[in-house]
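Survey of secondary and tertiary structure
Now for the letters of each chain:
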Amino acid sequence: ANAWLVVFDAAVEAIFLCFLVDQAENDGETRPYYASAALRSYMEAHRPTYVLPSMSLDDDELSHAIQQMGGLDALEPPPPMRAVAG
């Protein structure tokens, strides 16, 4: 079961990555999107509502966004994953 979930996870990540590349390289008018209408509507309905620090924010907006996320401690990366023998 674990191996199947790893394959499924990789497939989903590949689909999302291809979607992002499609959005970045095509404009939907002169260069049509390759993503299906169903995938585009799903992604539009599930847009993230947070503001990433990499976006151009002034110092006050960035400070406010960090406070809303729980401070800088909340930005620490998760611990590394362990390999599971399977």
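Below: a short report on this structure. Computed from a prediction, not measured in an experiment: that's the story for all the values here. (Residues numbered from 1 in each chain as written. Predicted model: local features only at pLDDT ≥ 70, side-chain atom pairs only at ≥ 80, totals over all residues. Heavy atoms only, no water.)

1. As for the overall build of the protein
Scanning the protein from terminus to terminus reveals three helices and zero strands. Counting from the amino terminus, helix and strand elements in the protein follow one another as α-α-α. The 86 residues of the protein split such that 8% are buried. Counting only carbon and sulfur atoms, one obtains 61% of the accessible surface of the protein, whose full area is about 7800 Å². (Helix = DSSP H or I, 4+ residues; strand = E, 2+ residues; numbered from the N terminus. Buried < 20%, exposed > 50% of the residue type's maximum accessible area, 1.4 Å probe, protein only. Areas by Shrake-Rupley, 256 points an atom, 1.4 Å probe, with all protein chains shown as cover.)

2. Things to note about the layout of surface pockets
Reported here for the largest pocket is a volume of approximately 210 Å³. In terms of lining, the largest pocket is formed by F19, L20, Q23, R40, M43, E44 and R47. For the lining of the largest pocket, the elements supplying multiple residues, two or more each, are α1 (2–25) and α2 (37–45). When grouped by side-chain class, the residues that make up the lining of the largest pocket number three nonpolar, one polar and three charged. (1 Å grid on protein atoms, 1.4 Å probe; cavity = no way out; pocket = protein on both sides within 12 Å on 5 of 7 lines; lining within 4 Å. Points joined across faces, edges and corners; volume = space filled by probe spheres on them. Nonpolar A, V, L, I, M, F, W, Y, C, P; charged D, E, K, R; others polar.)

3. Observations concerning the pattern of salt bridges
One pass over the full model with this rule turns up one salt bridge. The partner of E44 in a salt bridge is R47, with the nearest N and O atoms 3.8 Å apart. Taking relative accessible area as the criterion, E44 reaches 48% and is therefore assigned partly exposed. (Salt bridge = Lys/Arg side-chain N within 4 Å of Asp/Glu carboxyl O.)

4. Side note on the side chain of D22
Of note, D22 is situated in helix α1. For the buried D22, which has no salt bridge, the nearest side chain bearing the opposite charge is R40, at an N-O separation of 6.0 Å. Sequence-distant contacts of D22, that is, excluding residues within four places in its chain, are made with P32, Y33, Y34 and A35. (Lys, Arg positive; Asp, Glu negative; His and termini not counted. Contact = heavy atoms within 4.5 Å.)

5. Focus: a nonpolar patch on the surface
A cluster of nonpolar side chains, W4, L5 and F8, forms an exposed patch at the surface whose accessible area comes to about 370 Å². Mapped onto the elements of the fold, F8 is located in helix α1. (Patch = residues over 30% accessible without salt bridge, like charges linked within 9 Å, V, L, I, M, F, W, Y side chains within 5 Å.)

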